[in-house]
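Here's the letter readout for the chains.
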Amino acid sequence: MIVGGGIGGLSTALSLHAAGLDCVVVEAARTLRPLGVGINLQPHAVRELTELGLGDALAGLGVETTFMTFADRHGNVILSLPRGRKAGYRWPQYSIHRGELQLALLAAVRERGVPVRTGVRFEDVAQDGDGVLVTLREGDELVRERADVLVGADGVQSAVRERLWPSGGPLLWSGIRMWRGVAEGEQIMDGATVLVGGSNRAGKFVTYHISARNPRLINWVAEVKVSEPGVVSAADWYRRGSSAEVSAHFASWKYRLADIGALLSATDRILEYPMVDRDPLPQWRQGRVTLLGDAAHPMYPIGSNGGSQAVLDARVLARCLATHDDAERGLAAYEEERRPPTSALVLAHRALPIEETITLVTERAPNGFGDIREVLSEEELAAMADAQRSISDADVRALNERESWSV
Ligand SMILES: Cc1cc2nc3c(=O)[nH]c(=O)nc-3n(C[C@H](O)[C@H](O)[C@H](O)COP(=O)(O)OP(=O)(O)OC[C@H]3O[C@@H](n4cnc5c(N)ncnc54)[C@H](O)[C@@H]3O)c2cc1C
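Residues numbered from 1 in each chain as written. Predicted model: local features only at pLDDT ≥ 70, side-chain atom pairs only at ≥ 80, totals over all residues.

1. Brief notes about the overall build of the protein
Put simply, the test is: A run of H or I in DSSP becomes a helix once it reaches four residues, and a run of E becomes a strand once it reaches two; helices and strands are each numbered from the N terminus. Radius of gyration: C-alpha atoms only; globule rule: 2.2 Å multiplied by the number of residues to the exponent 0.38. Here a residue counts as buried when 20 or more other C-beta atoms sit within 10 Å of its C-beta, as exposed when there are 12 or fewer, and as partly exposed otherwise, the C-beta atoms being derived from the backbone. In this description, any two residues whose backbone-derived C-beta atoms lie within 7 Å of each other are considered to be in contact.
A count of helices and strands for the protein gives 12 helices and 19 strands. By the compact-globule yardstick of 22 Å for 407 residues, the protein fits well, its C-alpha radius of gyration being 21 Å. With the C-alpha coordinates aligned to their principal axes, the bounding extent of the protein is approximately 70 × 45 × 40 Å. Going through the 407 residues of the protein one by one, you find that 48% of them count as buried. Summarising the internal contacts of the protein: among those between residues at least 6 apart in sequence, 75% fall at separations of at least 24.

Okay, structure coming up:
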């Protein structure tokens, strides 16, 4: 039984089905609607979804990302890193609408006959010699059901994680608030670049195109440090933000790469979210229950990793369960493979690795620059590229040459 029909839960359903294992998804939302804004799927995740038969669907929905480009608040380019196939991967990176990706996964899960029960909320789990006994809420009713294995893929505020590890660490806020939206606008750069302007300390504005069908559709994220870091009780993906609040932070910008004012005014619904994570857990699994995706390793959404790592978790989990006769051993093998690298990623994201160099640029060239080499040395530029790669790149050759994870 998979708790949560997000990117991680639905990818798990597809992966288990492909590995010949039966499963059911229970999702708290009554209807899955295309919620959220843009996300990026890195080549290693695109490879897995392609092997699950979603290659054409992704190409029909998302924009094949060409570069990740960093600029100062005036729009002068500091560094451009090739992405996806431009970086030599055999698979593209896609910038894509989160909700459309979720619905494409849902359609594939349903086509394959895997049940997805919406309006069903996980409440509790117990275990005995026969497996897990799960308490679910369907409307006003509480029902108890058995399963061999329970996978908590229920996101950043996971109830499964809370049951397994009640003192597993609170939501830790960086002090950075993020506002997000989608709007139609003029093409930015080549129409396929993830463009990051400014810095988290003094205000950052990220833009990228997200639709193969509508080349004018742009996802934007504004990130501003508004507080000292601390603990928060909730992180709500649905919370509404206000345009006036965002524009106040960017009013002084003369940013020639994108029209921030026009994007804000063209946005129907602005969403607000605190940049949060949690300390990595020393263990995910208890018996036949484990965690996956944001439930296991929530991290700052700055490295194209939220959705991508959840997809990798899903594929490894299915492979480990299918290749071990004993479910607990399969879950242990999954955790051994996935917990160390994702824990390291959580901490690497928390360090906001390129902030230092961007701050240096602002200090050395507050009014902009012509050529970045007059501001940063080759070594400083190379260190910035390495810092970014530490959170948003796999090893190109290793991915290209590695055998398939399909069972
Ligand atoms: C509504 C929404 C909007 C988002 N928007 C963005 C975005 O714009 N940009 C971005 O980078 N990331 C966004 N994310 C997060 C992003 O999807 C994840 O970081 C990433 O895809 C990993 O996915 P996940 O499946 O682990 O978690 P999620 O995508 O968060 O999915 C978790 C699922 O579990 C369900 N669930 C929660 N509790 C229970 C319960 N007790 N019982 C049953 N089901 C439960 C939720 O309804 C949800 O469908 C959003 C997530 C959500 C839920």
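2. Some thoughts on the pairing of strand β9 (residues 120-128)
Put simply, the test is: Strand pairing is assigned whenever DSSP detects at least two bridges linking the two strands.
Where β9 lies against strand β10 (residues 131-138), 8 bridges are found, and the strand directions are antiparallel. If you follow Ala126 over to β10, its bridge partner there is Leu133. Between β9 and β10, which pair antiparallel in sequence order, lie 2 residues.

3. Digging into the domain arrangement of the protein
Selection criterion: These domain boundaries are the output of an automatic or database domain assignment. For this classification, the nonpolar set comprises Ala, Val, Leu, Ile, Met, Phe, Trp, Tyr, Cys and Pro, the charged set comprises Asp, Glu, Lys and Arg, and every other residue, Gly included, is treated as polar.
Domain boundaries assigned for the protein yield domain 1 (2-62 + 96-170 + 278-351) and domain 2 (172-276 + 353-391). Taking the mean C-alpha position of each, domain 1 and domain 2 sit 28 Å from one another. Between domain 1 and domain 2, the residue contacts involve 22 residues of the former and 21 residues of the latter. Among the secondary structure elements, those contributing two or more residues to the side of domain 1 that touches domain 2 are β3 (38-41), α3 (55-61), β7 (94-97) and α9 (327-350). Each residue belonging to the side of domain 1 that touches domain 2 can be placed in one class, and the counts come to 11 nonpolar, 10 polar and 1 charged.

4. Observations regarding the sheet that holds strand β4 (residues 63-64)
Test applied: Only C-alpha atoms enter the line fits that serve as axes; for helices the fit covers just the stretch in contact. Angles between N-to-C directions range over 0 to 180 degrees.
In space, the 3 strands of this open sheet follow the order β3-β7-β4, with antiparallel pairing throughout. Either end of the sheet is taken by a strand with one partner, and the two such strands are β3 and β4. Across 4 bridges, the pairing between β3 and β7 is antiparallel. Bridged to Asn40 within β7 is Ser95. Contacting β3 and β7, helix α4 (residues 98-111) runs over the sheet at an angle of about 85° to β7.

5. As for the environment of Glu356
Tracing the backbone through its elements, the reader meets Glu356 in helix α10 (residues 355-364). A tally of 15 C-beta atoms within 10 Å means that Glu356 is categorised as partly exposed.

6. Structural notes on the pairing of strand β13 (residues 171-184)
Pairing analysis gives 3 bridges linking β13 to strand β17 (residues 230-232), with the strands arranged antiparallel. Pairing of Leu172 across the sheet is with Val231, part of β17. Here β13 runs beside strand β18 (residues 271-277); their pairing, made up of 6 bridges, is antiparallel. Note on β18: the bridge partner recorded for Arg180 is Leu271.

7. Overview of α4
To be explicit about the condition: Multiplying 1.5 Å by the helix residue count minus one yields the expected span of that helix.
In this model, α4 (14 residues) spans 20 Å end to end at C-alpha, consistent with the 20 Å of a helix rising 1.5 Å per residue. Among all positions in α4, only Arg98, Glu100, Leu101, Gln102, Ala104, Leu105, Ala108 and Val109 are buried. Turning to α4, the residues buried within the fold contact α1 (7-18), β2 (25-27), β3, α3, β7 and β8 (116-118). Gly113 sits one or two positions beyond α4 and adopts a positive phi of about 80°.

8. Quick word on the sheet that holds β10
With antiparallel pairing, 3 strands are arranged side by side in an open sheet as β9-β10-β11. Each end of this open sheet is capped by a strand with a single partner; those strands are β9 and β11 (141-147). Strand-to-strand twist of the sheet, defined as the mean angle between neighbouring strand axes without regard to direction, takes the value 25°.

9. A few points about the packing of α1 against helix α8 (residues 306-323)
Counted only if it meets this: Between 65 and 115 degrees an angle is taken as roughly perpendicular, under 35 as roughly parallel, over 145 as roughly antiparallel, and anywhere else as oblique. Put simply, a crossing is left-handed when the front helix is turned counterclockwise from the back one by less than a right angle, and right-handed when it is turned clockwise.
Taken N-terminus to C-terminus, the directions of α1 and α8 make an angle of 30°; their axes are 8 Å apart at the nearest point. Overall, the two elements α1 and α8 adopt an arrangement that is roughly parallel. Once α1 is placed against α8, the crossing between them reads as right-handed. The segment α1 lies against α8, with Ile7, Gly8, Ser11, Thr12, Ser15, Leu16 and Ala18 engaging Gly307, Ala310, Val311, Asp313, Ala314, Arg315, Leu317 and Ala318. Each residue belonging to the contact of α1 with α8 can be placed in one class, and the counts come to 8 nonpolar, 5 polar and 2 charged.

10. Thoughts on the packing of α1 against α4
Packing of α1 against α4 leaves a shortest axis separation of 9 Å and a crossing angle of 25°. As summarised for this structure, α1 and α4 are arranged roughly parallel, according to the angle between their axes. Crossing of α1 over α4 shows left-handed handedness. Mapping the contact onto sequence places Ile7, Leu10, Ser11, Ala13 and Leu14 in α1 and Leu101, Gln102, Leu105, Leu106, Ala108 and Val109 in α4. Its residues assigned to classes, the contact of α1 with α4 shows 9 nonpolar, 2 polar and no charged.

11. Topic: unusual backbone geometry
At Met189, a position not held by glycine, the phi torsion is positive, near 50°. Within the element layout of this structure, Met189 appears in the loop between β13 and β14 (193-199). Although it is not a glycine, Leu352 sits at a positive phi angle of roughly 40°. Along the chain, the position of Leu352 falls in the loop between α9 and α10.

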